[in-house]
Amino acid sequence: MPAVLRSRLAPIGLLVVIIAAMTPLIAGSAFWLDNSVLVAIFSLLALSVGMAYGQAGILSMAPAAFGAIGAFATSIVTTRYGLSPLVGLALALLLPAVVAYPMARAITRLSPLPLSIATLLLSLVLELAIREGKGLTGGYIGISGIPPLWFADSVFAMHVLSWGLVVVVLFLYANLTDSAVGRAVKTARHDPLRATADGVNVPALLASYFAISASVSGLAGWLYAHHLTYMGPDSLTMHVSIKVVLMAVIGGASTLLGPVLGAAFLTLLTLYLPAAETQGMIFGGVLIFVLLVAPNGVLGTDWGKLIARRSDKQPMAVRPAATEGTA
Amino acid sequence: MKSGWLGAVASGAAAIAVAMTTAAHAQDSIKIGAIYSLNGPAAPFGVPERDIVEALTKNLNAQGGINGKKIDLIICDEQTNPTEAARCATKLTRQDKVVAILGPTLGTGALALAPIALANKVPLLSPVGTIPVTSKDNAFWPWVFRTAPSDTLIINALFERAVFKPQRKRIGILYQEDAYGEAGMKLATQLSKEKNFEIVAAVGAPLSAIDLTAAATNIRNANPDVVLLKTSAPALGAAFVRAAKQVGITAPVIGTGSLNQRPFLDAAGNAADGIQIVSIGNWDDPSEKQKKLGEVIVAAGKTPKGYAELIGSTGALAVFEAIRRVKGEVTGPAIRDALETICGFKDTYLDGTLCYSKDQHEGVFQDTLITVEVHDGKFKTVK
Amino acid sequence: MYELVEYLLRGALLGITYGLLAFPVSLLFSTTGSVDVALGAYAVLAVAVAYSIGGPVGILAAILATVFASFVVGIISLRLNRPGAVDHVTAVLGTFGLAMFLESLILSVFGTNPMIRQPFDTFWNIGGIRISPQTGINAAVCLVILTALFVVLRKTPFGRSMRASAANPVGASLNGIPVRQIWFATYLLGGLLAGVAGVLILYTTGADYSSAFTLTIWGFGSAIIFGMNSPLRGFAGGLIIGMVQALCSGYLPGAWATAIPLVVIFVVLSMGRMNQIVSTGGRV
Amino acid sequence: MTVQVKDITVRFGGVTAVKDVSLKLPPGKIVAVIGPNGSGKSTLFNAITGMVKPAAGTIEVDDTRIDAMPPYRRIGLGLARTFQTPRFDPKVTVSEAVMCGFYPVHRTGVFSAMLRLPKAVAEEGDFRERCSDILDDLRLSEFRSLTMNELPMGRVRLVEVARAVANRPKYILLDEPAAGLEREEQRMLSREIRKLADRGVGVLLVEHNFGLIRELAEHVVVLKDGAKLLEGEPETIAKDRAFIDVYLGSAGR
């Protein structure tokens, strides 16, 4: 039993140790603290992609859109109605899930490609809705003057809070992955028919899982709004979603820490890239390179095996994976 | 599996070490930050803004800088995204310790990073028209200065010239779906109630639209006396005038500011003939000052594009002037105070004067606006 | 009524461009089951190359450039996919990477200016509706491609192999059909078609560095409307999308005009046209 | 208290794959379905578990009509099945694969699983114990941490059976479980199937190996071209002229 526990929570422990070690180094620098908070926020968004794509096989192109729902929800209730950010938090967790679930169900039998296109469309429609939201969302101008969190009103406190939330989400995520539901999701991703034979209501399960992942994005949006104190239609757009997907994929979407690593890597990369028009080439190039060398991402790849396998023959696949039925 | 993590930790630690050593630099130069959109949809504005600010800084340093101090310009790419704009502001203020920030390209970016300027007591000189950026309700108001004509200014001038003076009653509007277009629509709706004219057609177009024939048909069918073009993107403006010609709109078309540039004419072809634009400059018939700006741009190896260089240069020159006026140590607050003394300043490339004071940070006024008309593929200034 | 007809006609003319982009989308989907989101970027690349070089040489160079770009995507997707062990979503991500790369490349090399050429200065007058002769050329090119595709798909051995490897890749490869080569050829053909579309866009509406994504979305939407599996129906889908867009911007206010066509695609998508999972049988 | 299939017809397009087939599977009994390839055995399985939709006929489990139910609810009622070609994620370990079989009996909600509430821990522990019992029974314990692609095909079939019995089904449908198994493995499998029946589980068996059927089944249904050819006890069937013609004449040896 303890061995099981250790293996499941070990990556989280590693992350806690790294954050704890980094904190005194950066505590004096508002700049690094600010970057650290952003890495944490992007980690949450990327984890949401990791859950949806890495576990359930749904490539969500809308993490930033779900984040925007959360961010606007808290921005609106705190600035327009003067409610507590905690009310905003509840909405930020709930609303994205409420949008995500029926959407996933609407794409009837949930084959992954159309659903990811649907998330893309959702992103675009939501951006339009935010722009047309006039008084509610602030239209094209957005909402400024969002109150910082009273219980985390310094950058340092935000650093602690946001990484704390990342660790909590990782803990919940690790537990969920290692449960009957988590196993069923993995099976359904690989082979919906097999999952059905296991007694799984595949569309409902995947849609629920997708909704949970949307909630994680909403949480990121909540932190985002209260950290930046400004939320506008250009803030969490489809371009951000694509970047977040990149983070998850590069780090390893199916692993616990992959999305976090990806978020840290890409955030630091933008910091050190020269400010120029060529940035997209570097991002696109990195993505293609990772996909070619290690399609499961940096942490999702067993490097030792990969190198050994180069000289060896490919092992035979047990299941001729074909989701297209041959009736 | 672990090696990836160790690598990440090591590079992070190295980055911190670098940051800490650079922060300890002594002040033998004056650091100014510049945040522009070099990627994403706003790049057509951000790129020329960066180019002119870079060129002006280089020239200034070649002439010995200000009071013997060189200007160290640090550029950051906001990627048409407020998050990145705010990140840029944090980096520039906290890590590079700049004393003033030029930019960003977009109004939403300005709103996102202004609180950071306030927190770090650094003035922000923003080349945006977005109205709320200089609203006095903002806590950050004291630190934000506008270096471009505001949307209110431009829209009022547009209505004055296109509607009130010729006493036209039926107005058709094509607006782009963003802050700029929305501000125009809002003001137009308000004015139509006060001034007794009718908006017979108002059609929005997303920035990404490439074909506007249906939109133009809609406007043509409403039979307006004049069509107002509220777009800032040259591609969109050109797409509309082409469509207007094709569907046969005969009413005059009058646009604003940033259409006054070469790419618009190139993309519109001879469909642009007769279009009028309310603007702040004219590269085909430049004033003395703009000729000089043109020379700066050409000397830097670029071609003048139009609006973006004018408003970009204004911010740079204003901050240079403010630094000249600072007595003692050059700090953010000192520059801010000095900026408020700049009024009637003529050494920008704008025609007309720049003016900031203790209670207004708008900078650019009515006297800088001109009207140009397109003739045979060239802009002609209408006197 | 007259107004309605004009909107429908203008929409259909716009839709020709979308229909052209829908060809490669459904061709690729029906053959490999995958999707190439870089198609819009190929088209813009063609626009940029043909614009800067100009003339017939420019057109040729543009098409070569796009075929080369699709060559890269073909290699990526071959590396990621084997018949029998297919990860379409990862392959799609690869095309995303290429799309980002190309957009940035176009921005860096060709700049931000809109790119357009307008060879015609007069208009045809069809029942009082003025139309540029270029749209006539577009329609003609489309018809030629439509016919050629039909012939290739239905009448040649290549087309038969293509359809066979679409229906059952494992079975096809067991029957000696070179499935991987066919897939690769489909990617190249997709690049070629996107290149032709790009050249026509240059002479019709023009584009700039940021147009790629929009073109991809509408090409996609067109392909989805009547079912992704038929390249020939994708063309009709393009006309429909164009008409929906024209009607929306004619009759709906502001952002609705932009949102409704997207919603239409979403609804069609959720009706399950593109869904391929069929729960049949224990036999695989 | 049986699985009752009445006059099931399944069509794919114009082809009738199963025609008016009826059968009964009482608890504790082993019923075999036999027939040449393409005779509709797997399709019959798919119709019972809901993976194909019958054009006509009814299916009942313990007097509950299930032919309109989605597959997952039928599994929930106590049906379980294996696939002729085992469908596994090749990267999953043996014990994880078997753990997946517990899904129909899991009672922990998503939230208590995420929070790892005591209830969830207890259930997870229970599953692990039962999983290791099943692996012991099928002599798979030593392979438990191997991944599926490292396992020989015969063992893979056993894991498939292990996964199906994990949720303690009332009725189990085995699709050629012995194909490709070595003699020793076959013997063990047949012992396990017998044990299941003794525990009161109804076993529906599709099998080519008539020896195994003779050894296990109490009742045999012979399908030909989707229709029932004959049924009865294995010994009677084995002597039937029609059966020998169709079946042993072509596929048997």
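Given the structure is predicted, the values throughout are model-derived calculations rather than measurements.

## Notes on the pattern of salt bridges
Proximity of charged atoms lets side chains of opposite charge pair with each other.
Part 1: The tally for this structure, following the rule as stated, stands at 40 salt bridges over all chains.
Part 2: For B:Arg336, the salt bridge goes to B:Asp337, with nearest N and O atoms at 3.1 Å.
Part 3: Take B:Asp337: its relative accessible area is 40%, and that puts it in the partly exposed class.
Part 4: For the salt bridge of B:Glu340 with B:Arg336, the shortest nitrogen-to-oxygen distance reads 2.9 Å.
Part 5: With a relative accessible area of 8%, B:Glu340 lands in the buried category.
Part 6: We classify B:Arg336 as buried; its relative accessible area is 12%.
Part 7: A single network of salt bridges, built from pairs that share partners, joins A:Asp178, A:Arg183, D:Arg116, D:Glu124 and D:Arg128.

## Digging into the nonpolar core
Part 1: In this structure, B:Leu228, B:Phe320 and B:Ile335 are the most contacted members of the largest nonpolar core, which totals 299 residues.
Part 2: Filtering out sequence-adjacent residues up to four positions away, B:Ile335 remains in contact with B:Val99, B:Ala100, B:Pro123, B:Val319, B:Ala322, B:Ile323, B:Val326 and B:Val330.
Part 3: One finds D:Phe88, D:Phe143, D:Met148 and D:Leu212 within the second-largest nonpolar core, a separate group that totals 51 residues.

## Comments concerning the packing of helix H2 (residues 39–53) of chain C against helix H3 (residues 55–80) of chain C
Residue and element names in this part refer to chain C.
Part 1: Interhelical geometry of H2 versus H3 gives an angle of 150° and a closest axis separation of 8 Å. The angle between the axes of H2 and H3 places the two elements in the roughly antiparallel class. The hand of the H2/H3 crossing is right-handed. Touching Tyr42, Leu45, Ala46, Val49, Ala50 and Ile53 of H2 are Gly55, Val57, Gly58, Ile59, Ala61, Ala62, Ala65, Thr66, Ala69, Ser70 and Val73, all from H3.
Part 2: Across the contact of H2 with H3, the residue classes break down as 13 nonpolar, four polar and no charged.

## A short note on the UniProt feature "transmembrane region" (unreviewed entry) in chain A
Residue and element names in this part refer to chain A.
Part 1: Residues annotated by UniProt as "transmembrane region" (unreviewed entry) correspond here to residues 12–33, 39–69, 81–101, 150–174, 202–224, 244–269 and 281–300.
Part 2: Strand forms 0% of residues 12–33 and helix 86%; the C-alpha atoms that close the span are 21 Å apart.
Part 3: As annotated, residues 150–174 has a helix share of 80% and a strand share of 0%, and its two end C-alpha atoms lie 30 Å apart.

## Looking at a positive patch on the surface
Residue and element names in this part refer to chain C.
Part 1: Residues Arg154, Lys155, Arg160 and Arg163 make up a contiguous surface patch of positive charge.
Part 2: Contributions of two or more residues to the positive patch are made by helix H5 (133–155) and helix H6 (157–167).
Part 3: By the element assignment, Lys155 lies in helix H5.
Part 4: With relative accessibility at 58%, the residue Lys155 sits in the exposed group.

## Side note on a nonpolar patch on the surface
Residue and element names in this part refer to chain A.
Part 1: Among the surface-exposed residues, Tyr81, Leu83, Val87 and Leu136 lie close enough to one another that they form a single nonpolar patch of about 380 Å² accessible area.
Part 2: Its place among the elements puts Leu136 in helix H6 (residues 134–137).
Part 3: Taking the relative accessible area as the measure of exposure, Leu136 reaches 45% and is therefore partly exposed.

## Brief notes about the layout of surface pockets
Part 1: By volume, the second largest pocket amounts to about 920 Å³.
Part 2: Along the wall of the second largest pocket there are 41 residues; nearest its centre are A:Lys134, A:Gly138, A:Gly139, A:Tyr140 and B:Glu182.
Part 3: Broken down by secondary-structure element, the contributors of at least two residues to the lining of the second largest pocket are helix H3 (63–80), helix H5 (112–131), H6 and strand S1 (143–144) of chain A, helix H5 (151–164) and helix H6 (179–195) of chain B together with helix H11 (256–270) of chain C.
Part 4: Per element, the largest residue contribution to the lining of the second largest pocket is seven residues, and it comes from H6(B).
Part 5: For the lining of the second largest pocket, a count of residues per class yields 22 nonpolar, twelve polar and seven charged.

## Considering the sheet that holds strand S15 (residues 378–382) of chain B
Residue and element names in this part refer to chain B.
Part 1: If you walk across this open sheet you meet the seven strands as S7-S6-S8-S9-S10-S14-S15, and the pairing is mixed. Two strands lie at the open edges of the sheet, namely strand S7 (198–205) and S15, each paired on one side alone. For this sheet the average axis-to-axis angle between neighbouring strands, irrespective of direction, equals 25°.
Part 2: Sheet topology note: the strand S6 (residues 170–176)/strand S8 (residues 226–230) ladder contains five bridges and is parallel. Note that in S8 the partner of Ile171 across the bridge is Val226.
Part 3: Across the sheet, H6 is in contact with S6, S7, S8 and strand S9 (253–256); its angle to S6 comes to roughly 160°.
Part 4: The strands touched by helix H7 (residues 213–221) within the sheet are S6, S7 and S8, with S7 carrying the most contacts at an inclination of about 175°.

## Remarks on the packing of H7(B) against helix H1 (residues 2–32) of chain C
When two helices pack together, their arrangement is captured by the angle between the axes and the distance separating the axes.
Part 1: Running from amino to carboxyl end, H7(B) crosses H1(C) at an angle of 160°, the nearest separation of the two axes being 9 Å. Looking at the two axes, H7(B) sits roughly antiparallel to H1(C). Where H7(B) crosses over H1(C), the two elements pack in a sense that is right-handed. Between H7(B) and H1(C), the residues in contact are B:Thr213, B:Ala214, B:Thr217, B:Asn218, B:Arg220 and B:Asn221 and C:Glu3, C:Glu6, C:Tyr7 and C:Arg10, respectively.
Part 2: Split by residue class, the contact of H7(B) with H1(C) holds two nonpolar, four polar and four charged.

## Considering the environment of B:Pro206
Part 1: In this fold, B:Pro206 is placed in the loop between S7 and H7.
Part 2: Each C-alpha atom, one on B:Pro206 and one on B:Glu177, is 5.1 Å from the other, the two residues being 29 residues apart in sequence.
Part 3: In this structure B:Pro206 touches B:Glu177, B:Leu236 and C:Thr258, once residues within four positions along its chain are discounted.

Calculation rules
What you see as residue numbers is a count from 1 along each chain, following the sequence as written. To label them, take the chains in the order written and letter them from A, then take the ligands in the order written and number them from 1. Per-residue local features are limited, in this predicted model, to residues with pLDDT of at least 70; the limit for side-chain atom pairs, both in listing and counting, is 80 or more; totals at the level of whole chains, interfaces and linings are taken over all residues. Remark: hydrogens and water are excluded; side-chain values derive from all non-hydrogen atoms of the structure. By definition here, a salt bridge exists when the distance from a side-chain nitrogen of Lys or Arg to a carboxyl oxygen of Asp or Glu is within 4 Å. For every residue, the accessible area obtained with a 1.4 Å probe (protein chains only) is divided by the maximum for its type, and the residue is called buried under 20%, exposed over 50%, and partly exposed between those limits. By nonpolar core is meant a set of buried Ala, Val, Leu, Ile, Met, Phe, Trp, Tyr and Cys residues that side-chain atoms within 4.5 Å join together. Two residues qualify as a contact provided that any one of their heavy atoms is within 4.5 Å of a heavy atom in the partner residue. Every angle, taken between N-to-C directions, lies between 0 and 180 degrees, and every axis is a line fitted to C-alpha atoms, over only the stretch in contact when it is a helix. Secondary structure is summarised from DSSP: a helix means a run of H or I of at least four residues, a strand means a run of E of at least two, and numbering begins at the N terminus for each. Our angle categories are set so that under 35 degrees counts as roughly parallel, over 145 as roughly antiparallel, 65 to 115 as roughly perpendicular, and the remainder as oblique. It is the rotation of the near helix from the far one that decides the hand of a crossing: anticlockwise by less than a right angle makes it left-handed, clockwise makes it right-handed. Any residue that is not Ala, Val, Leu, Ile, Met, Phe, Trp, Tyr, Cys, Pro, Asp, Glu, Lys or Arg is counted as polar, Gly included; the first ten are nonpolar and the last four charged. UniProt positions are given in the numbering used here, feature names are shortened, and annotations may be inferred rather than shown by experiment. Patches draw on residues past 30% relative accessible area with no salt bridge. Two like charges within 9 Å are joined, as are two nonpolar side chains (Val, Leu, Ile, Met, Phe, Trp, Tyr) within 5 Å. Only the protein chains shown count as cover for residues, with accessible areas throughout obtained via the Shrake-Rupley method and a probe of 1.4 Å. Only four residue types enter the charge count: Lys and Arg as positive, Asp and Glu as negative, with His and the chain ends excluded. Charged groups are reduced to one reference atom each: NZ for lysine, CZ for arginine, CG for aspartic acid, CD for glutamic acid. Definitions used throughout: a 1 Å grid over protein atoms alone; a cavity as a set of points that fits a 1.4 Å probe which cannot get out; a pocket as an open set with protein on both sides within 12 Å along at least five of seven lines; a lining residue as one with an atom within 4 Å of a point. Grid points are joined across faces, edges and corners, and a volume is the space filled by probe spheres set on the points. Following DSSP output, two strands are said to pair if at least two bridges run between them.

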